[in-house]
Amino acid sequence: CLSYATGMLEPWGNQTMRECVQFSEMDVAVFSDEVVVIGRTNFNHLYMDTRLWSYDCTSYSLHRTHLLLTSHTHTLLCVTLNQAAHVARTTEGVVDTGIRAIERGSRLVVSDPATSRVVLQMPRGNLELIHPRPLLLTYLTKLINDNKYNKVFEEVRKHRVNMNFIYDYHPEQFLNNLQDILAQLTSSYLELFIAELSSEDTTLTMYSFMGTTSTSPADKVKTVCNSLIAAVTQSGNMLPWLNTIVSCYVKIEDIPAGLLCIKNIYNTSPLETEGAIKYMLILTDDDALFNHALSTYDLDLVLIIAQFTQKDPKEYLLFLNELKSHDETYRRFKIDRQLGQEKVALESLVKCEGRFEEVCAFVTQHATTRRRARQLHLRY
């Protein structure tokens, strides 16, 4: 019985022919620059050189980065090659980074070393193609390192991987390559990414078995959204990315800034901006969006937004006409009072001439403004 080492066939340790193990199938692998013979016996024992690695291996396959094997418990195990080279599964030191239930009697046929595809043969003879999660995530990291973000988003969407992983795996690379990402992707992909974006670092939670060392910043959501907005602005063509910009502003809860961005290009591209407004109405309700438009103090913008809501024109036109009849300072007071911002409204009302009695009545009516009134040195 022979072992493969250093490119030459040599006797396997000091074993005699009687002690040697007969393999029903055998492969040669390289673990950390070390050449290792892997073999399975007819008794379903899996060996690595002279070391018994598993007692219940019904089939196995070598991937570029993982060792895959099926067991008598009808599960598929995925273990990294580096881990498999140093720790035997028969001991307690191994951590199975991927355990997946499979049909009773399934056997491994082949695994594609370039992707995450693995072929299983069912007891009935039919073949089934699967993508084990550890292999899939390893494949995604390779694509990310190669800046192939179009393929990354396709695979993530197809296999329902949490999209936060695209950023969490290598935050700095993601932010530094935003222009390349915009060149490779469409707005719909980024909209899905932003919708799923959260403060959770998936490399420390659901995908912690990947062992990545990069950590996301504490203000991850704001960092990503603000960086995307800046990248789109720098690209010089915002129209294809309006929904992406809207998604970013909604995600960071800065809807008024998003509305002002839409207003700036409304006159030159009305059709595109109307689509962005309708998309924003999907992300938030009519009343909230109307109030956010009011908070900008831009009545033209408020009218534009109101036209796309379910509000009765008789109501909001009467209200807007009333606001237009006042000077800017008193108009701000009316809007702030409408939005329930009494302290801000008081500051605007104080600046209006000849309305001292109204100021006193307002402070008396709203107890929460009395402290602010004292700060403004008012006597009422």
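Look above for the structure.
Residues numbered from 1 in each chain as written. Predicted model: local features only at pLDDT ≥ 70, side-chain atom pairs only at ≥ 80, totals over all residues. Heavy atoms only, no water.

Asks: Mind laying out the packing of helix α14 (residues 313-324) against helix α15 (residues 328-338), listing which residues take part and the relevant values?
Replies: Direction vectors running N to C along α14 and α15 enclose 145°, while the axes themselves pass 9 Å from each other. The segment α14 lies against α15, with Phe 319, Glu 322, Leu 323 and Lys 324 engaging Arg 331, Lys 334, Ile 335 and Gln 338. The class makeup of the residues in the contact of α14 with α15 is three nonpolar, one polar and four charged. (Axes fitted to C-alpha atoms, helices over the stretch in contact; angles between N-to-C directions. Helix = DSSP H or I, 4+ residues; strand = E, 2+ residues; numbered from the N terminus. Contact = heavy atoms within 4.5 Å. Nonpolar A, V, L, I, M, F, W, Y, C, P; charged D, E, K, R; others polar.)

Asks: Residue-level account of the pairing of strand β11 (residues 107-111), with values.
Replies: Pairing of β11 with strand β12 (residues 118-121) involves four bridges; the strand directions are antiparallel. Paired with Val 110 across the strands is Val 119, a residue of β12. Between β11 and β12, which pair antiparallel and follow one another directly, the connecting turn spans six residues. (Pairing = 2+ DSSP bridges.)

Asks: Describe the sheet that holds strand β7 (residues 57-62), listing the residues and the values that go with them.
Replies: Pairing is antiparallel in the open sheet, where four strands are placed in the order β7-β8-β9-β10. Each edge of the open sheet is held by one strand with a lone partner, namely β7 and β10 (98-101). Sheet twist, expressed as the mean angle between neighbouring strand axes with direction ignored, is 20°. Bridging between strand β8 (residues 66-71) and strand β9 (residues 75-80) involves five bridges; their strand directions are antiparallel. Directly across from Thr 70, in β9, lies its bridge partner Leu 76. Packing of helix α2 (residues 133-145) onto the sheet brings it into contact with β8, β9 and β10, and relative to β8 it is tilted by some 165°.

Asks: Can you lay out a nonpolar patch on the surface for me, pointing to particular residues and giving the numbers?
Replies: A cluster of nonpolar residues, Val 109, Val 110 and Leu 127, forms a patch on the protein surface that exposes about 270 Å² of accessible area. Along the chain, Val 109 falls in strand β11. By relative accessible area, Val 109 is classed as partly exposed at 45%. (Patch = residues over 30% accessible without salt bridge, like charges linked within 9 Å, V, L, I, M, F, W, Y side chains within 5 Å. Areas by Shrake-Rupley, 256 points an atom, 1.4 Å probe, with all protein chains shown as cover. Salt bridge = Lys/Arg side-chain N within 4 Å of Asp/Glu carboxyl O. Buried < 20%, exposed > 50% of the residue type's maximum accessible area, 1.4 Å probe, protein only.)

Asks: Which residues make up the sheet that holds strand β13 (residues 127-130), and what values go with them?
Replies: Taken in spatial order, the three strands line up as β11-β12-β13 in an open sheet, and their pairing is antiparallel. Strand pairing shows two members of the sheet lacking a second neighbour, β11 and β13, which therefore form its edges. The average undirected angle you get between the axes of adjacent strands in this sheet is 30°. Strand direction decides the pairing type here: β12 and β13, joined by four bridges, are antiparallel.

Asks: Describe unusual backbone geometry, naming the residues involved and giving the relevant values.
Replies: One non-glycine residue, Asn 44, adopts positive backbone phi at about 65°. Mapped onto the elements, Asn 44 comes out in the loop between β4 (34-41) and β5 (46-48). Even without being glycine, Glu 253 reaches a positive phi, approximately 60°. Within the secondary structure, Glu 253 is located in the loop between α9 (242-251) and α10 (255-264). Overall, the relative accessible area of 72% leaves Glu 253 in the exposed class.

Asks: Go over the packing of aromatic side chains with me, naming the residues and quoting the values.
Replies: Tallied over the entire structure, the rule returns eight aromatic pairs. Centre to centre, the rings of Phe 153 and Tyr 189 are 5.9 Å apart; their planes meet at 50°, and the pair counts as tilted. Taken together, the residues span a long stretch of sequence, with Phe 153 in helix α3 (residues 149-159) and Tyr 189 in helix α7 (residues 187-196) at a distance of 36 residues. A cation over an aromatic ring shows up here: Lys 311 above the ring of Phe 290, its NZ or CZ 4.9 Å from the ring centre. (Phe/Tyr/Trp six-rings, centres within 6.5 Å; stacked < 30°, edge-to-face > 60°. Lys NZ or Arg CZ within 6 Å of the ring centre and 35° of its normal.)

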